[in-house]
Amino acid sequence: MNDHRLREFIERHSRLFILTGAGCSTESGIPDYRDADGDWKRTAPVMYQAFVGDAAIRRRYWARSLVGWRRLRAARPNDAHRALARLQQQGRVEALVTQNVDRLHQAAGSTEAIDLHGRIDMVRCMSCQRRLAREQLQGDFLRLNPAWAGLDALQAPDGDADLEGLDFSSFQVPPCAHCGGVLKPDVVFFGESVPPDRVRTSMAHLMQADAMLVVGSSLMVYSGYRFAQAAALAGKPIAAVNLGRTRADGLLTLKVTLTCSVALAFLLQPTRGVNRPPAASITAIR
Ligand SMILES: [Zn+2]
């Protein structure tokens, strides 16, 4: 059985570098981007250059986000998040790095999770770099755009929502209250680079780990794939839990084709959890 082998893999390696992706949050009601073949399920997400260079694209983005944020902020962790938090509490995790921006690992108790792609609950000014809570901006959007408050739409990934066939030209987007600059969600967009210090910190953890575990990611984006590449180069075994194919399939020691919560369910069974290692083997770089 698949999950028996996953359990053995986790028991064999006491310092796991865990990389999670959208598949970890689908059971919390947040859709993922890609199908089982790793292709886009819907319209490709907004690219960084388009967002930065085109006010009309920003209006469309924020109008969709006005609806999408309502649902995203209501999302709660699922058993996959809880299982990984449990593993971390047992001292088995060198680092938990997530490509998700939903903060559900933190909500499940993984306080040390590294948000590789940032966090959707914060907004950053692209000029003065000041940050504000996304919830605060929601209030501004509703005051400026009362007619949009009642809209509903299908939820899309990362707090987006499918709102098509609407005229976004009247949607008012406030500038930064301090400097008048352009506000952007504090997340790494497609086409944008992950901040180098975040990559360095994560890579340093990977080098301290004795194995890598991928949970719910196709690794189609290089920002995640590079960790699998580096793990393979360093001779570290890699296991992956993912319903579809991953870009790293050729590098894997073990592939588990199950939903994340089912694959990791054994970690939440009190009698079958893995044993706690000696405290001395637990270190943190950050
Ligand atoms: Zn500013």
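Just so we're clear, the structure is a prediction, and the values are computed from it rather than from any experiment.

Draft legend 1. Looking closely at the overall build of the protein. The number of helices and strands found in the protein is 9 helices and 11 strands. Looking at the protein as a whole, 51% of its 286 residues are labelled buried. Looking at the protein alone, contacts between residues at least 24 apart form 73% of all its contacts between residues at least 6 apart. Carbon and sulfur atoms make up 51% of the accessible area of the protein, which totals about 12800 Å².

Draft legend 2. Quick look at the coordination of the zinc ion. The protein atoms that coordinate the zinc ion are Cys125 (SG), Cys128 (SG), Cys176 (SG) and Cys179 (SG), at distances of 2.3 Å. If you look at the zinc ion, its 4 donor atoms make angles of 99 to 117° with each other, and the shape they trace is tetrahedral. Here the donor residues for the zinc ion map to a single chain with the spacing C-x2-C-x47-C-x2-C. One end of the pair, cysteine 125, is in strand β4 (residues 118-125); the other, cysteine 179, is in the loop between β7 (161-162) and β8 (183-187), with 54 residues separating them in the sequence. Since its relative accessible area comes to 0%, cysteine 125 is described here as buried. Exposure remark for cysteine 179: the relative accessible area of 40% places this residue in the partly exposed category.

Draft legend 3. Broad picture of the packing of aromatic side chains. One pass over the structure, following the stated rule, counts 10 aromatic pairs. Measuring from ring centre to ring centre gives 5.2 Å for tyrosine 61 and tryptophan 62, while their planes differ by 85°; the resulting arrangement is edge-to-face. Of the two residues, tyrosine 61 and tryptophan 62, both sit in the buried class. Aromatic pair tryptophan 62 and phenylalanine 141: ring centres 5.3 Å apart, planes at 45°, arrangement tilted.

Draft legend 4. View of the confidence of the model for the protein. When pLDDT is averaged along the protein, the result is 88, and 84% of the positions lie at 70 or above. Confidence drops under pLDDT 50 across residues 276-286; counting only partners more than four residues distant or on other chains, this segment forms 18 contacts.

Draft legend 5. Quick look at the sheet that holds strand β1 (residues 16-20). Spatially, the 6 strands line up as an open sheet ordered β3-β2-β1-β9-β10-β11, and their pairing is parallel. At either end of the open sheet lies a strand with only one pairing partner, and these are β3 (114-115) and β11 (254-256). The pairing of strand β9 (residues 211-215) with strand β10 (residues 238-241) spans 4 bridges and is parallel. Bridge pairing links valine 215 to valine 241 in β10.

Draft legend 6. Summary view of the environment of alanine 75. Among the structural elements, alanine 75 can be located in the loop between α3 (55-72) and α4 (79-89). Judged by its relative accessible area of 10%, alanine 75 is buried. Sequence separation between alanine 75 and leucine 104 is 29 residues, and the spatial gap between their C-alpha atoms is 7.9 Å. For alanine 75, the residues in contact, after removing those within four places along its chain, are Ser28, Ile30 and Leu104.

Draft legend 7. How the structure looks around the pairing of β10. A two-sided burial pattern is seen for β10, the buried positions comprising Ile238 and Ala240 on one face and Ala239 and Val241 on the other. In the classification by handedness, the crossover that spans β9, the intervening helix α8 (residues 222-233) and the parallel β10 is right-handed.

Cut-offs applied
Residues numbered from 1 in each chain as written. Predicted model: local features only at pLDDT ≥ 70, side-chain atom pairs only at ≥ 80, totals over all residues. Heavy atoms only, no water. Helix = DSSP H or I, 4+ residues; strand = E, 2+ residues; numbered from the N terminus. Buried < 20%, exposed > 50% of the residue type's maximum accessible area, 1.4 Å probe, protein only. Contact = heavy atoms within 4.5 Å. Areas by Shrake-Rupley, 256 points an atom, 1.4 Å probe, with all protein chains shown as cover. Donors = N, O, S within 2.8 Å, 3.2 Å for Na, K, Ca; no water. Tetrahedral: all angles 85-135°; square planar, octahedral: opposite > 155°, others 65-115°. Phe/Tyr/Trp six-rings, centres within 6.5 Å; stacked < 30°, edge-to-face > 60°. pLDDT = per-residue confidence, 0-100. Pairing = 2+ DSSP bridges. Right-handed = clockwise from strand over helix to strand, strands pointing away.

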